[in-house]
Every structure is written in C-alpha cells, then in structure tokens.
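One letter stands for each residue in the lines below.
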Amino acid sequence: MRNKRMKTTPSEPPVSGTRGIVSVSWVAVLGVMAFIFWMSARNAHEIDNDLGLITALRAGLVTLSTQLFGGPIDVSPVGHFAEFLLLGAALANALRFHVAPRKAGAYAFFLASLYGVLDEWHQLFVPQRSCDPLDWLVDTIAALLGALVIHAIMRRRRARRLSTPGSNPSDR
C-alpha cells in the first residue's frame, strides 16, 4: 500500500553538460583537494613566514582580528572554512552532472565532510600540527554552506530558464 504522504513529483534529473565542462568541474574538485592537502602539510612557521600570498592574508586576518577583538585570536578556522566552502561548492557543482541536484548537494556535503576527517588525520603525521575535531566541525559546516550555495544558484538558473519563453525544453 502506498503512503499518501509521499511526494509524487519526479526528482530533477542530473544537469546535462559537455564533456569539457564536466572535466573542468572535476579538475576544480581535485585542485581544491590538493590545495587542502598541501596546506595541511605545512606547519605554523611555514604558514606564518614562507607562503607568500597566504602568509600575507593570514597576517592581515590576524591584524584585523586584533583590532576588532582587542587581542590576537586564532584565525586558522577562517582558513579551514574558506578551503572547505570551496570544496563543498566544487563537489556539488561537479556532482550535479551525474545525479539529481538535491542528491549532488547531499553527496558533496558528505564527501567533503569525510575529506575533512582525512585532513585532520593527515595532520597527525605533520610535525607541529594536530588533529582537532573542532576543525572538522568547521570544515563540515563550510562544506554544507558551499554545497547549499551551488544548489541555490542552480535552482535559480533552472527557474529562470523555465520561465523564459522559447527556452529549450531539454533544459527543463
């Protein structure tokens, strides 16, 4: 017997895309993952002194936080947040070509969170780094927000296409 509370609307199909766009989307995912791995392999001294633009950004964040809060605070969660926001968004974008958009966001959130666990585990083996469950929590929240942003953008684009007279029916 069928449950009457179940939705009867069909799920949205995956978004179609050219092979090039799909490939670039996955290259972006791999690029963000590689950057996260590379940053996790750096110790505090390297991040504070030897990474050029990243060192300058971190110094600017420390200066700003000191001015705002009256003293130095740990700004590393900002880095974690930015990295995993990008990862969640990149994964949601790439996965939308393979599964329904809602599933793409959920899968992106799960996979990015799992990568956050692996990132923290990796840091156990890096001198002067540690595994911090709060960093994983920041990673997970950021990945969720990144996936939600992509999902919202794709929904808006799809709604705009559907409301445009003469739009391609295959885009619906």
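All values derive from a computational prediction rather than experimental measurement.

> Honestly, the overall build of the chain in this entry has me stumped. Any pointers?
Secondary structure assignment for the chain yields six helices and zero strands. Ordered by position from N to C terminus, the α and β elements of the chain give α-α-α-α-α-α. Residues classed as buried in the chain amount to 32% of the 172 residues present. For the chain, restricting intrachain contacts to residue pairs at least 6 apart in sequence, the fraction spanning at least 24 positions comes to 66%.

> Can you walk me through the side chain of Ser113 in this structure?
Within the fold, Ser113 resides in helix 5 (residues 101-123). With near-sequence residues (within four places) excluded, Ser113 lies in contact with Trp136 and Thr140.

> How do you make sense of the environment of Pro127 when you look at a structure like this?
Here Pro127 lies in the loop between helix 5 and helix 6 (133-163). Residue Pro127 is classed as exposed on the basis of its relative accessible area, which comes to 60%. Along the primary structure Pro127 and Ala41 are separated by 86 residues, whereas in three dimensions their C-alpha atoms are 8.6 Å apart.

> Mind showing me how you'd approach the nonpolar core here?
Within soluble globular proteins, side chains that are nonpolar generally end up buried alongside one another. Counting residues in hydrophobic clusters, the biggest one holds 21 residues, and the most contacted among them are Val29, Ile36, Phe84, Leu87, Leu91 and Ala108. Those elements that provide at least two residues to this core are helix 1 (19-40), helix 4 (76-95), helix 5 and helix 6. If near-sequence neighbours (up to four positions away) are discounted, Ala108 is found in contact with Gly88, Leu91, Ala92, Leu95 and Ala147.

> So what exactly am I meant to see when it comes to the environment of Val27 here?
Structurally, Val27 can be placed in helix 1. For Val27, a relative accessible area of 57% translates into the label exposed. Put simply, Val27 and Ala90 are 63 residues apart on the chain and 9.3 Å apart in space, counted from C-alpha to C-alpha.

Rules used throughout
Each chain carries its own residue numbering, running from 1 in the written order of its sequence. Confidence filtering applies because this is a predicted model: local features only for residues at pLDDT of at least 70, side-chain atom pairs given and counted only at 80 or more, and all residues used for totals across whole chains, interfaces and linings. Side-chain numbers come from the whole structure's heavy atoms, not from hydrogens or water. Numbering of helices and strands runs from the N terminus, with a helix taken as a DSSP run of H or I at least four residues long and a strand as a DSSP run of E at least two residues long. Summary of the burial criterion: residues with accessible area below 20% of their type's maximum are buried, those above 50% are exposed, and those between are partly exposed, where the area comes from a 1.4 Å probe applied to protein chains only. Contacts were defined at the residue level, with two residues in contact if any of their heavy atoms lie within 4.5 Å. Nonpolar core, defined: a set of buried Ala, Val, Leu, Ile, Met, Phe, Trp, Tyr and Cys residues in which side-chain atoms within 4.5 Å join the residues together.

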